[in-house]
Amino acid sequence: MQSQAQYKGYAIDVTPLRDCGDLWDFTYRITRDGHDAVITRSQSVGGHATAEAACLAGLQVARIEIDNLLALAASGSRSSP
């Protein structure tokens with residue numbers, strides 16, 4: 001199972017991973033315009049009861065990361081003299 005979504009011009013791919021117990025963690029990859037990964041990260045703390053829940057959590061975390069990237073880019077362009 002893998003989850004994919006588009007968000008503000010970025011593609012998000014989330015893959016659930018079974019941890020050493022009975023819970024699920026995730027890895028997500030963010031790309032833009034089909035180019036190499038902008039960001040690839042994993043969550044291996046906490047865990048989720050199902051693979052579906054891990055995918056949903058991964059999508060939410062990736063969306064927050066994209067929002068942060070866009071905010072940093074916007075603040076950088078505003079601080080130029």
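All of the points below concern the structure found in this document. (Residues numbered from 1 in each chain as written. Predicted model: local features only at pLDDT ≥ 70, side-chain atom pairs only at ≥ 80, totals over all residues. Heavy atoms only, no water.)

1. Points about the pairing of strand β2 (residues 10-18)
Piece 1. Pairing of strand β1 (residues 3-7) with β2 involves five bridges; the strand directions are antiparallel. Note on β2: the bridge partner recorded for Gln4 is Asp13.
Piece 2. Between β1 and the antiparallel strand that follows it, β2, lie two residues; Lys8 among them carries a positive phi value of about 50 degrees.
Piece 3. As defined by bridge partners, β2 adjoins strand β3 (residues 24-32) across nine bridges and the pair is classed as antiparallel. Across the sheet, residue Ile12 finds its bridge partner in β3, namely Ile30.
Piece 4. What sits between the antiparallel neighbours β2 and β3 is a turn of five residues. (Pairing = 2+ DSSP bridges. Helix = DSSP H or I, 4+ residues; strand = E, 2+ residues; numbered from the N terminus.)

2. Focus on unusual backbone geometry
Piece 1. Within the chain, Lys8 stands out as a residue other than glycine whose phi angle is a positive 50 degrees.
Piece 2. Along the chain, the position of Lys8 falls in the loop between β1 and β2.

3. Structural notes on the environment of Thr15
Piece 1. Here Thr15 lies in strand β2.
Piece 2. Thr15 sits in the partly exposed class, given a relative accessible area of 28%.
Piece 3. Considering only alpha carbons, one finds Thr15 and Ser3, 12 residues apart in sequence, at a separation of 6.5 Å.
Piece 4. Other than its neighbours up to four places away in sequence, Thr15 contacts Gln2, Asp25, Phe26 and Thr27.
Piece 5. Here the side chain of Thr15 touches Gln2 through a polar contact of 3.3 Å, side chain to side chain. (Buried < 20%, exposed > 50% of the residue type's maximum accessible area, 1.4 Å probe, protein only. Contact = heavy atoms within 4.5 Å. Polar contact = N/O pair within 3.5 Å; in protein donor to acceptor, adjacent residues only side chain to side chain.)

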